[in-house]
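What follows is the residue order along each chain.
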Amino acid sequence: MNLVRPLLSSAMPMVCCALLAATACGRPSDSEADGLSLSSTLGGGDTAGYLRALEPRVFAFPEDHGPHPGFRTEWWYATGHLQSSSGRRFGYQFTLFRSALAPSRDESPSAWATRQVYMGHFALTDVDGGTFVARERFARGAAGLAGAQTAPLRVWLEGWELAGGGSGDGFPMTIVAEDDSMAIDLTLEVGKGIVLNGDGGLSRKSSEPGNASYYYSLPRMPTVGSVRVGDETLQVSGDSWLDREWSTSVLSDGQVGWDWFAIQLDDGREVMAYRIRLADGSPAPESAGSLIDVDAGIHRLSFGQELQIEDVGTWVSPDRVVEYPSGWVVRVPEHGLELHLEPLVQDQELRLTFRYWEGAVRVRGSGRGGPVTGRGYVELTGYGEAAAVPR
């Protein structure tokens, strides 16, 4: 579910407005990208005029793959594990965020008039090379620089894009992103299909009414395409996990960050879990997760007896600013699962405008039938003075 996204529901309007106003090209300078922290950017914010996630709703597809401009923030969030024919392994993260600066605006003849801003994150883990690279872009939702549309599905930020196929259900989807040092060009099939998280797609993040998102996932999307690293392009295949969320407000006072886990087991099941952390380090009562069966049946899990997460190590950023957990045990006692997660590369920290750790992990453990293996992605936000980022 990528709780980085909830963070942005409050933080993005303030941050994007300041950054975009300061940079004509829509990208932050080095000095502007320094010093933004979760505590300084998260605030209550004025939610007047925006729609709120207050109760379960009826989802409609493919329409809900597209934008929901009545809400303040939403994101299209893909992570995945890929492998070349020679066995070279990669992890990738591709995210496009939309954030509204106001619930409505006066009409203007200017091509630059907009109340929407977009942020993109693109990261690639070269597992066998032991390297990790992350990039960021910002743009106004105007003059063709960035935008989102429903029919056909297309979300873009300059040359970065997620698009839907020509069929009636919007699949397959394609992801294209390129930077001087890396690129991806991927096709994602529907795979297991759409899973509604939380209460029929309503994911509550705190006890306050409306502090919630509408949230669904496609947890196992067969993926093919290409990865470019430097001047080398490789054909790859694997599986992706796509998260979609939209909301207006999420975190409450005293909630400082979250840890998010998306696990794909080799037996065809998935586990999604998020631990919202309070100021004293304890999990908020709204922390939760789900176990997804091979046939896409969902077992909702509450934190505590049904779902447990244990940190088993730490990693300190190269500049000694932030210490993160590094290594976890995820337990689902009722189903006999004990999963040990280990980063495939230790340094998968995105030191961007917002600072957070998000990376590919290997999964080993046990279940009722014996040993269990798999792969996953973990996101860690709100650690350290300068910490904060998307999901």
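Note: the structure precedes this text.
Residues numbered from 1 in each chain as written. Predicted model: local features only at pLDDT ≥ 70, side-chain atom pairs only at ≥ 80, totals over all residues. Heavy atoms only, no water.

A closer look at the overall build of the protein
What counts is decided by this rule: We count a stretch as a helix when DSSP gives it H or I for four or more residues in a row; a strand needs E for two or more, and each element gets its number in order from the N terminus. Per-residue accessibility, obtained with a 1.4 Å probe over protein chains only, is compared with the maximum for each type, and a residue is labelled buried under 20%, exposed over 50%, and partly exposed between these values.
Assigned secondary structure in the protein consists of three helices and 25 strands. By residue count, 56% of the 391 residues in the protein fall in the buried class.

Some details on the pattern of salt bridges
Here is the rule we go by: Salt bridges are counted wherever a side-chain nitrogen of Lys or Arg sits within 4 Å of a carboxyl oxygen of Asp or Glu.
Throughout the structure, instances matching the rule amount to 26 salt bridges. The partner of D179 in a salt bridge is R135, with the nearest N and O atoms 3.0 Å apart. In this pair, D179 sits in the loop between strand 8 (173-178) and strand 9 (182-188) while R135 sits in strand 4 (residues 131-140), placing the two residues 44 residues apart along the sequence. According to the relative accessible area criterion, D179 is buried, its value standing at 18%. With a shortest N-O distance of 2.3 Å, D266 and R375 are connected by a salt bridge.

A look at the nonpolar core
Put simply, the rule reads: By nonpolar core is meant a set of buried Ala, Val, Leu, Ile, Met, Phe, Trp, Tyr and Cys residues that side-chain atoms within 4.5 Å join together. We call two residues contacting when some pair of their heavy atoms lies within 4.5 Å.
One finds Y92, F94, L162, I175 and I184 to be the most contacted residues of the largest nonpolar core, which totals 39 residues. Counting residues per element, this core draws most heavily on strand 12 (residues 212-229), which supplies six residues. With near-sequence residues (within four places) excluded, L162 lies in contact with W76, F94, L96, L153, R154, V155, M173, T174, I175 and L242. Among the nonpolar cores identified, the runner-up in size contains 25 residues, and L307, Y324, L337 and V378 belong to it.

Looking at unusual backbone geometry
In this model, F61 is joined to P62 through a cis peptide bond whose omega is 15 degrees. A cis amide bond, omega 0 degrees, links F171 with the succeeding residue P172. Counting through the fold element by element, P172 comes out in the loop between strand 7 (160-164) and strand 8. The phi dihedral of R320 falls on the positive side, at around 65 degrees, and the residue is not glycine. Owing to a relative accessible area of 65%, R320 belongs among the exposed residues under this scheme.

Some details on the packing of aromatic side chains
Heads up, the condition is: Stacked, edge-to-face and tilted labels apply to pairs of Phe, Tyr and Trp rings (six-membered ring for Trp) whose centres lie within 6.5 Å, assigned for plane angles under 30 degrees, over 60, and everything in between, in that order. Look at NZ for Lys and CZ for Arg. If either is within 6 Å of the ring centre and within 35 degrees of the ring normal, a charge sits over the ring.
Counted under the stated rule, the structure contains 17 aromatic pairs. Centre to centre, the rings of Y214 and W246 are 6.2 Å apart; their planes meet at 45 degrees, and the pair counts as tilted. Taken together, the residues Y214 in strand 12 and W246 in strand 13 (residues 232-247) connect sequence positions 32 residues apart. You'll find Y214 and W246 in the same group, each marked buried. Note on W328 and W357: the rings are 6.1 Å apart at their centroids and 55 degrees apart in plane angle, and the pair reads as tilted. Linking W328 in strand 21 (residues 328-332) with W357 in strand 24 (residues 355-367), this pair joins segments that are 29 residues apart in sequence. Exposure class is identical for W328 and W357. Each is buried. R57 extends its terminal NZ or CZ atom over the ring of Y214, reaching a point 5.5 Å from the ring centre.

Focus on the environment of Y274
Heads up, the rule is: Here a polar contact is taken to be a pair of N or O atoms separated by no more than 3.5 Å, where protein atoms must pair a possible hydrogen donor with a possible acceptor and residues adjacent in sequence count only if both atoms sit in side chains.
Within the secondary structure, Y274 is located in strand 15 (residues 270-278). C-alpha separation for the pair Y274 and A262, spaced twelve residues apart in sequence, amounts to 8.9 Å. A polar contact of 3.3 Å, which involves the side chain of Y274, links it to the side chain of S203.

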